[in-house]
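Chain and residue survey
What follows is each chain in one-letter form.
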Amino acid sequence: MIRRLILYITFFIYLCLPANAQENNTFLKHLSLSAGVSTMGAGFQLATPLGTHWGVRTGFSALPLNFSYNYYEGDFEITTDAKARLYNGNMLADWYPKENGLFHVTSGLYFGESGGTGIARSADSYTIRGKEFTADYFGTADIKVKTAFLKPYLGVGLGRLFTNSRFGFKCELGAMYHGTPDVHVVNNTVFSLSVGDLPEFRKEVVKYKFYPMLSLQLVYKLY
């Protein structure tokens, strides 16, 4: 896996190199560090130019999130306590159509863990054939959701990787393609007889093949 990832990154950088990159020799002439928040969590990036209209950046973001929600499996209301874990590195290229402009188009890859776990249980007590069953009677189901390790990304933004001043600001809007999520459910016998293999949950989750990205970053030019 590590060798494959190195090959992907090397090929990605090769594709992003402009034809005149060796002539103007701007690679690593400047280096900036940015920190910010996004729908992928908090993170940082290092960036360097690749010619007049190009720049590349690499970094890491993390989003540990705990939440609860309710939904219905047929007539049964289910409550779920979930933990989302998004820990991803990234390799991105920015293209500025106008020299010294603020608008840029970004493409690249995110790679790493994106998924979560959860525990589903009945949200209420139910009367079945005249007999009342408490929520605890139905037991629980363990849920695991996982997306692809490599996730292509495309976005647009405003802001420069490098500014005349020491500090700058960037904002970006885009989407990451993480493929069809893999959903794995393990439940006990009573819960399985009541709601099956959580088909409504599974049907809803596999719809989401894209993850929206909104990021705000503070840029500091190192040199």
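Residues numbered from 1 in each chain as written. Predicted model: local features only at pLDDT ≥ 70, side-chain atom pairs only at ≥ 80, totals over all residues. Heavy atoms only, no water.

**Focus: the overall build of the chain**
- When you go through the chain residue by residue, the secondary structure sums to four helices and twelve strands.
- Every one of the 223 residues in the chain was classed for burial, and the buried ones make up 39%.
- By element, 63% of the accessible surface of the chain is carried by carbon and sulfur atoms, the whole surface being about 13,000 Å². (Helix = DSSP H or I, 4+ residues; strand = E, 2+ residues; numbered from the N terminus. Buried < 20%, exposed > 50% of the residue type's maximum accessible area, 1.4 Å probe, protein only. Areas by Shrake-Rupley, 256 points an atom, 1.4 Å probe, with all protein chains shown as cover.)

**Overview of the environment of Gly89**
- Of note, Gly89 is situated in strand β4 (residues 76-95).
- The exposure class of Gly89 is buried, given its relative accessible area of 8%.
- Setting aside chain neighbours within four positions, we find Gly89 in contact with Gly59, Phe60, Leu109, Tyr110 and Phe111. (Contact = heavy atoms within 4.5 Å.)

**Points about the nonpolar core**
- Counting residues in hydrophobic clusters, the biggest one holds 17 residues, and the most contacted among them are Ile78, Ala120, Ile143, Phe191, Leu198 and Phe201.
- If you tally residues by element for this core, the top one is strand β8 (residues 140-146), at three residues.
- Once you skip the residues sitting within four places of it in the chain, Phe191 turns out to touch Ile78, Ala120, Arg121, Ser122, Phe138, Gly139, Thr140, Ala141, Gly196 and Leu198.
- With seven residues, the next largest nonpolar core counts Met40, Leu86, Tyr110 and Tyr153 among its residues. (Core = buried A, V, L, I, M, F, W, Y, C linked by side-chain atoms within 4.5 Å.)

**Quick look at the pattern of salt bridges**
- Going through the model one piece at a time under the given rule, you end up with seven salt bridges.
- In this structure, Asp197 engages Arg202 in a salt bridge whose closest nitrogen and oxygen atoms are separated by 2.8 Å.
- The exposure class assigned to Asp197 is partly exposed, which follows from its relative accessible area of 38%.
- With a relative accessible area of 26%, Arg202 lands in the partly exposed category.
- Two residues, Lys203 and Glu200, come together in a salt bridge whose shortest N-O distance is 3.6 Å. (Salt bridge = Lys/Arg side-chain N within 4 Å of Asp/Glu carboxyl O.)

**Regarding unusual backbone geometry**
- In this structure, Leu198 is a non-glycine residue whose phi angle is positive, near 50°.
- As for its position among the elements, Leu198 is in the loop between α3 (189-195) and α4 (199-205).

**What to know about the environment of Leu216**
- Along the chain, Leu216 falls in strand β12 (residues 210-221).
- A relative accessible area of 41% places Leu216 in the partly exposed class.
- Considered as a pair, Leu216 and Gly157 are 59 residues apart in the sequence and their alpha carbons are 9.8 Å apart.
- Here Leu216 is in contact with Ala35, Gly36, Val37, Phe169, Lys170 and Cys171, once residues within four sequence places are set aside.

**Observations regarding the pairing of β12**
- Note that strand β1 (residues 32-38) and β12 share seven bridges and pair antiparallel. What sits directly across from Val37, in β12, is Leu216.
- Of the strand pairs in this sheet, strand β10 (residues 167-177) and β12 are connected by eleven bridges, and their pairing is antiparallel. Across the sheet, Cys171 pairs through a bridge with Leu216, a residue of β12. (Pairing = 2+ DSSP bridges.)

**Brief notes about the packing of aromatic side chains**
- Taken as a whole and assessed by the stated rule, the structure comprises twelve aromatic pairs.
- Ring centres of Tyr137 and Phe138 lie 5.4 Å apart, and the angle between their planes is 80°; this geometry places the pair in the edge-to-face category.
- Judged by its relative accessible area of 44%, Tyr137 falls in the partly exposed class.
- Phe138 sits in the buried class, given a relative accessible area of 3%.
- Looking at Arg160, its charged tip hangs above the ring of Tyr96, at a distance of 4.2 Å from the centre. (Phe/Tyr/Trp six-rings, centres within 6.5 Å; stacked < 30°, edge-to-face > 60°. Lys NZ or Arg CZ within 6 Å of the ring centre and 35° of its normal.)

Note that every value here comes from positions in space, so none of it alone points to a role or purpose.
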